[in-house]
Amino acid sequence: ITISDLRKVYRQGNNDVVALDGVSLEVPTGKIHGIVGHSGAGKSTLVRCLTLLDQPTSGTVAVNGKELTNVSDDELRNARRRIGMVFQHANLFDSRTTEQNIAYPLELVGTPKKDVAKKVSELLELVGLTQFAKGYPSQLSGGQRQRVGIARALATDPDVLLCDEPTSALDPQTTNEILELVKELRNRLNITVLIITHEMHVVKQACDSVSLLEAGKIVEHGDIEAVITNP
Ligand code: ADP
Ligand code: ADP
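Residues numbered from 1 in each chain as written. Chains lettered and ligands numbered in written order. Predicted model: local features only at pLDDT ≥ 70, side-chain atom pairs only at ≥ 80, totals over all residues. Heavy atoms only, no water.

Labelled according to an unreviewed UniProt entry, the protein chain appears under the name Methionine import ATP-binding protein MetN, originating from Glutamicibacter ardleyensis.

Further remarks concern the site of ligand 1. In the region of ligand 1, 13 residues are neighbours, and G40, G42, K43, S44 and T45 sit closest. Residue K43 places a main-chain N or O atom 2.8 Å away from an oxygen atom belonging to ligand 1. In the model, an oxygen atom of ligand 1 is placed 2.5 Å from a nitrogen or oxygen of the S44 side chain. The fraction of the free accessible surface of ligand 1 (560 Å²) that becomes covered by protein chains is 65%. Per-element tally for the shell around ligand 1: the top contributor is helix α1 (residues 43–50), with four residues. Split by residue class, the shell around ligand 1 holds four nonpolar, seven polar and two charged. (Near = heavy atom within 4 Å. Polar contact = N/O pair within 3.5 Å; in protein donor to acceptor, adjacent residues only side chain to side chain. Areas by Shrake-Rupley, 256 points an atom, 1.4 Å probe, with all protein chains shown as cover. Helix = DSSP H or I, 4+ residues; strand = E, 2+ residues; numbered from the N terminus. Nonpolar A, V, L, I, M, F, W, Y, C, P; charged D, E, K, R; others polar.)

Let us look at the nonpolar core. Residues I150, L154, L161, V193 and I195 are the most contacted members of the largest nonpolar core, which totals 42 residues. Residues I1, L6, L52 and I83 belong to the second largest nonpolar core, which totals 25 residues. (Core = buried A, V, L, I, M, F, W, Y, C linked by side-chain atoms within 4.5 Å. Buried < 20%, exposed > 50% of the residue type's maximum accessible area, 1.4 Å probe, protein only.)

With that out of the way, let us pick up the site of ligand 2. Every residue near ligand 2 is listed here: Q12, S44 and R48. R48 places a polar side-chain atom, nitrogen or oxygen, 2.9 Å from an oxygen atom of ligand 2. Look at ligand 2: alone it shows 560 Å² of surface, and the protein chains cover 26% of it.

Here you go:
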């Protein structure tokens, strides 16, 4: 994923709020990269720009050399499928079973029923939830719900998994399990992962490299050891 000079300015009355002030970042395929910042640093804005829910004021986002920003409405749907999104609270549909939740993005793009069933069963196995296929979110633990969220994010075979505070609602033990799962999935699928978080310990455990975001700018960037030992 290549993020080039991303800027986002919100207009508030007569004031401009610069939420992203020229963010550039390149994450090689198959790497797990963390973006850490305090509240107000611009993390949510960055997530919205990367998921194409929000238009950046300027700058571009590309995956495998293909630009996602500045595309036509037709191309936008395809562009969105290239980034799978994992949320803090999994955001599952309570009225749908585990397998129906995972199937949802495939149904949205009109995948034939037979192919949906096959893919869902593969994904259930990948995240270790085969026995919970017919269960509802309310019957699952927080960690299991997040596994469903991850499986759903992977349903359309995205190139990038974008995790927004993926463990902030989980206890330390479950956090550990989810981060180990993300690492395992990266190894098996060779997917690029971005983890946006306010928790440095998450980055330490899961990421190959990290960027520190402060007031809309990347103020530090590099391998995990280099950045973390640097006071
Ligand atoms: P974080 O997720 O790191 O807490 P945000 O991206 O939510 O940071 O916010 C970055 C800055 O942009 C903050 O100063 C915030 O108040 C401002 N901001 C975010 N969204 C809006 C908006 N819709 N309108 C105006 N200002 C916004
Ligand atoms: P987070 O928990 O990610 O830090 P925030 O509290 O920063 O969330 O933002 C929550 C929502 O409020 C976001 O959609 C953001 O765009 C919006 N928001 C944040 N700051 C402002 C602001 N100053 N004016 C308007 N909307 C804002």
